[in-house]
Amino acid sequence: MSHRFCRVALDSPVGALDRAFDYAIPERMLGRVEVGSVVRVVVHGRGMRAFVTDLLDAPAVAKTRPLSQLVSPTPLFTASEIELARWTARRYIVPVGLVLHEAVPGRFSTGDDERIYPRPGRTKPPPWMKPLSTDRVCLLPPSAEAEIEAVAHLAGSTEGRTLVICPRTDVAERVAAAIEGAVVAHGEDRPSERAEAWAAARDGRASVIVGSRSSLFVPIPDLSLVVVMGAHDRSLKAERAPRLYATVVAGERARRAGATFVVSSPAPPLEFAHRAAWIGAKRTDLRPEVVRPRKGPVTDRLIDVVASAIERGEDALVFAGRRGEALRLRCRDCGWTPVCPKDGTPMATRAGVLVCRTCGASSAVPDDCGSCGGQLSERGWGHERIARELDRAGFPAPVLRMVAGEIPTERPRPAVIVGTLAAAYAAGRVGSVCVADLDQLLMRPDFRASEHALQTLCELATVLMPGGRFLVQTREPEHHAVQSFVRQSYRFFFDREIETRREMNYPPFGAVVRIETDAVDALRDALHGRATVIGSLERRGEPSALVRAADLDPLLEPLRAFSRKHPRAKIDVDPVDVV
């Protein structure tokens, strides 16, 4: 007997509509509406798209309206993807309909294309690969090429189907090209292409699906392997609602499916490397030079390393940790920077007072250096200032500025490229890499500062040509992030960083939520002492607060209630940046 009622999640980001709505299934749709179907309904006199989440024998309300239209002839999601969407919506404090909205392809496939994609053939494992011994694995590849080779081997070795999440679409295309029969499903495809990839996965005609965050909810029967490549890449975290963290959701999907979960990165986030089996190898051809600059970052050594690439007719990349003009408080003699006595993060000057952007603690600005007694000054170098200094060096090649949103479509070669990490992605292979001032990353008031610094160094190393020079300038050459990169040992970094996290109760030993809101007192009242709320913070000019607790789960319902009362608040669970 066909169900005569259904429950739907509205395709809307409005928190007030984040509840169950029950509808009657008209006679003409009986037997055709299933869990995962896309329908149209009328809400308060307005037609809206919705997703069927349950089929019911009886509704929870006395009177129900009928469904207006069945939009998709074939269910877009299975029950397992609907449950994963519910879990995601609860964790990230958003409506279920918004999670499903972000997941759907641009159009719905009719399933007319019945092409069967070949299963990937088994390939010989790379020399550094070991067999997967557990269901949670951390892959530490020595290079980007080795990472693709390893993933291709894993996809060909599993008996079931594989989902590969790539943070960048160009990498997804390269991965799919290396795996026979792989289907690419990412947001930059044409709607028809993405719909066909979705249908091929749903119908079991494709064994390997490769895509970005939008592929997390692609229906895949018999899923046995989930891989997240480039797990250090911050684009795996969505910047706008639903603000999900793809690696976390991918891990939950693997757990629910009983699949093996593999996180791949030369420097993975600690919470994913913690309690996972490690498989990796050293990068043998990299010999980084680490120097301590005495004054500004444009040193004679940096100019020499840049010139060595230009003389060979190759591009040189100069990485700047910040764009534009950057200022911070630092000793002119020894490089000492004031840090917060509570959590050890660097403090910033604001209105003549030192302020910790992590916990909100404040103190008077010291008159002199707390280490050597030298003079303090507000100094710093963004990519614009570094580029101006390099212009004066008189290289026989132009100095180009590149940051996100300002990447030229064409450029002369060779060139000196100055910019942030976006410049490295745009530059391609270069003859030399110079990190002008790593301390800009190491001294950020963020518990992930050291981790981000190591990940940035590893990313920059991927664009260096064989035999090229890699220069790191820092006043902290013995820092464990620097030494981990020099020794090519993630274990060296992990063993030291994990103890700091444990001591400070940061992930993986505690939960952190960042909330952009000016209603800090109301936030404290909503949490009822379940967490520590640190207010008086600022992020990109907006007031914000940091919530810290031993466990995330008890915070979710109070935070959802707070979100309903303060709909303009932006709640970021699993933030990759605290400030």
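Residues numbered from 1 in each chain as written. Predicted model: local features only at pLDDT ≥ 70, side-chain atom pairs only at ≥ 80, totals over all residues. Heavy atoms only, no water.

Q: What should I look at first to understand the pattern of salt bridges in this one?
A: A side chain with one charge can pair with a side chain of the opposite charge if their charged atoms come near. In the structure shown here, the tally under the stated rule is 40 salt bridges. The residue glutamate 27 makes a salt bridge to arginine 4 at a minimum N-O spacing of 2.6 Å. In this pair, glutamate 27 sits in the loop between strand E2 (21–24) and strand E3 (38–43) while arginine 4 sits in the segment before strand E1 (5–10), placing the two residues 23 residues apart along the sequence. With relative accessibility at 57%, the residue glutamate 27 sits in the exposed group. Residue glutamate 271 pairs with arginine 501 through a salt bridge whose shortest N-O separation is 3.9 Å. With a gap of 230 residues between them, glutamate 271 in helix H7 (residues 270–273) and arginine 501 in helix H14 (residues 490–504) connect regions that are remote in the sequence. Through salt bridges with shared partners, a single network forms among Glu271, Arg448, Glu451, Glu497 and Arg501. (Salt bridge = Lys/Arg side-chain N within 4 Å of Asp/Glu carboxyl O. Helix = DSSP H or I, 4+ residues; strand = E, 2+ residues; numbered from the N terminus. Buried < 20%, exposed > 50% of the residue type's maximum accessible area, 1.4 Å probe, protein only.)

Q: What is the right way to read the side chain of serine 215 from this model?
A: Within the secondary structure, serine 215 is located in the loop between strand E9 (208–211) and strand E10 (223–228). On the basis of relative accessibility, which here comes to 0%, the residue serine 215 falls in the buried class. Of note is the side chain of serine 215, whose polar atom sits 2.3 Å from the backbone oxygen of alanine 185. Leave out the neighbours within four places in its chain, and serine 215 touches Leu163, Ile165, Ala185 and Arg253. (Polar contact = N/O pair within 3.5 Å; in protein donor to acceptor, adjacent residues only side chain to side chain. Contact = heavy atoms within 4.5 Å.)

Q: Would you take a moment to explain the pairing of strand E23 (residues 464–473) for this structure?
A: Sheet faces and side chains relate simply in a regular strand, where the side chains alternate between the two faces. Pairing analysis gives three bridges linking strand E13 (residues 289–291) to E23, with the strands arranged parallel. Paired with valine 290 across the bridge in E23 is valine 472. Here strand E22 (residues 430–435) pairs with E23 via five bridges, running parallel. Across the sheet, the residue bridging to serine 432 is arginine 469, located in E23. (Pairing = 2+ DSSP bridges.)

Q: What am I meant to see in the sheet that holds strand E12 (residues 277–280) here?
A: Strand pairing in a sheet is mediated by backbone hydrogen bonds. Such pairs are either parallel or antiparallel. The seven strands lie next to each other as E8-E9-E7-E10-E11-E6-E12, forming an open sheet whose pairing is parallel. In this open sheet, the two strands that pair with only one neighbour each are strand E8 (183–184) and E12. Pairing between strand E7 (residues 161–165) and E10: five bridges, direction parallel. When the bridges of E10 are listed, leucine 163 appears paired with valine 226.

Q: Would you mind showing me how to read the sheet that holds strand E20 (residues 399–402) here?
A: Taken in spatial order, the six strands of this open sheet run E13-E23-E22-E14-E21-E20, and their pairing is parallel. Only two strands of the sheet have a single neighbouring strand rather than two, namely E13 and E20. Across the sheet, the mean angle separating the axes of adjacent strands is 20 degrees when strand polarity is ignored. Where E20 and strand E21 (residues 416–419) come together, four bridges link them in parallel fashion. Note on E21: the bridge partner recorded for arginine 401 is valine 418. (Axes fitted to C-alpha atoms, helices over the stretch in contact; angles between N-to-C directions.)

Q: Would you mind going over the packing of aromatic side chains with me for this structure?
A: Two measures describe an aromatic ring pair: the distance that separates the ring centres and the angle between the ring planes. Under the definition given, this model contains nine aromatic pairs. On the numbers, 6.1 Å between centres and 75 degrees between planes, the contact of phenylalanine 51 with phenylalanine 77 is edge-to-face. Here phenylalanine 51, found in strand E4 (residues 46–56), pairs with phenylalanine 77, found in the loop between strand E5 (69–70) and helix H1 (79–91); they are 26 residues apart in sequence, far enough to count as distant. Since its relative accessible area comes to 0%, phenylalanine 51 is described here as buried. Here tyrosine 245 and phenylalanine 272 contribute two aromatic rings whose centre-to-centre distance is 5.7 Å and whose plane-to-plane angle is 75 degrees, an arrangement assigned as edge-to-face. Of this pair, tyrosine 245 sits in the loop between E10 and helix H6 (246–257) while phenylalanine 272 sits in helix H7; the two residues are 27 residues apart in sequence, bridging distant segments of the chain. Judged by its relative accessible area of 4%, tyrosine 245 falls in the buried class. Taken together, the aromatic side chains of Trp278, Tyr490, Phe493 and Phe494 make up a single cluster linked through ring pairs. (Phe/Tyr/Trp six-rings, centres within 6.5 Å; stacked < 30°, edge-to-face > 60°.)

Q: I tried to follow the side chain of glutamate 289 on my own but got confused; where do I start?
A: Looking at the secondary structure, you find glutamate 289 in strand E13. A polar contact of 3.0 Å, which involves the side chain of glutamate 289, links it to the side chain of arginine 469. Excluding anything up to four places from it in sequence, glutamate 289 contacts Arg301, Val305, Arg469, Phe470, Leu471 and Val472.

Q: What exactly am I supposed to notice about the environment of phenylalanine 21 here?
A: With respect to the helices and strands, phenylalanine 21 occurs in strand E2. For the pair formed by phenylalanine 21 and arginine 4, sequence separation is 17 residues and the distance between their alpha carbons is 14 Å.

Q: Would you mind going over the environment of lysine 237 with me for this structure?
A: Relative to the elements of secondary structure, lysine 237 occurs in the loop between E10 and H6. Separated by 182 residues in the primary sequence, lysine 237 and glycine 419 place their C-alpha atoms 22 Å from one another. Here valine 573 takes part through its backbone oxygen, which lies 3.3 Å from a polar atom of the side chain of lysine 237.

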